[in-house]
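Descriptive structure summary
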Amino acid sequence: MTAAAKEYGGALFDLAREEDLLDRVYDDMQTVAALFEQNPAYRRLLEDPALHKAERLDLLDQAFREGVHPYVLNFLKLLCERGGLGEVPGCLTRYRELLYEVRGILPVTAVTAAPLTDAQKQALCGRLQAMTGKTVQLDCRIDTAVLGGVRLHYAGRELDGTVQGQLTRLRELLTT
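Here we summarise the structure given alongside this text. (Residues numbered from 1 in each chain as written. Predicted model: local features only at pLDDT ≥ 70, side-chain atom pairs only at ≥ 80, totals over all residues. Heavy atoms only, no water.)

Digging into the overall build of the protein chain
Scanning the protein chain for helices and strands turns up eight helices and four strands. Taken from N to C terminus, the helices and strands of the protein chain fall in the order α-α-α-α-α-α-β-α-β-β-β-α. Taken along its principal axes, the extent of the C-alpha atoms in the protein chain is 65 × 35 × 30 Å. With an accessible surface of roughly 10,700 Å², the protein chain has 51% of that area assigned to carbon and sulfur atoms. (Helix = DSSP H or I, 4+ residues; strand = E, 2+ residues; numbered from the N terminus. Areas by Shrake-Rupley, 256 points an atom, 1.4 Å probe, with all protein chains shown as cover.)

Take a look at the structure:
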């Protein structure tokens, strides 16, 4: 995420928080980001310097006037004026980080060799919630390279409880 995305996403979050529109703005930004991802040619058109700025802003207005909150539309127009529509995904990421922080939500990715059962997911969430004091949002992924165990990624940290991780730690212990 770029510094610009952090700044713009943070500013949008602050505005939405002030106006008690956190969920509405988040939903609208997700919609816009998905649309830009699915239609990269549209975003490129909006960034095309051959089009006058007024035309680009009018295209945004026509596309989003009825579908998103005016704050989101104005945010997009600001990014468009500054040639920053490519920052929308980063702005959304920053917004989500701040939203989760305020709500005490901790996104966690669990990587395992086989799918976790519902009971395993609940137990894992319970332990992580007890450790962190936050509500855990668990994203489970399968990696066939994992021999067994689980590797967790959250808040910039990695907890490796896989068989491979344990063997690596044992090897390091024996070679030092």
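Considerations on helix H6 (residues 88–103)
Taking 1.5 Å as the rise per residue, H6 with 16 residues should run 22 Å; its terminal C-alpha atoms sit 22 Å apart, in good agreement. All of the buried residues along H6 are Val 88, Gly 90, Cys 91, Leu 92, Tyr 95, Leu 98, Leu 99 and Tyr 100. Where H6 terminates, the next one or two residues include Gly 104, which has phi positive at roughly 70°. (Expected span 1.5 Å × (residues − 1). Buried < 20%, exposed > 50% of the residue type's maximum accessible area, 1.4 Å probe, protein only.)

Examining the pairing of strand E1 (residues 105–112)
Among the eight residues that make up E1, six are buried, leaving the element largely enclosed by the rest of the structure. Here eight bridges tie E1 to strand E2 (residues 135–142), and the two strands are oriented parallel to one another. From the neighbouring strand, Pro 107 faces E2, where its bridge partner is Gln 137. In this region the chain leaves E1, passes through helix H7 (residues 118–132) and returns to the parallel neighbour E2; the handedness of that crossover is right-handed. Relative to strand E3 (residues 150–154), E1 runs antiparallel, the two sharing five bridges. (Pairing = 2+ DSSP bridges. Right-handed = clockwise from strand over helix to strand, strands pointing away.)

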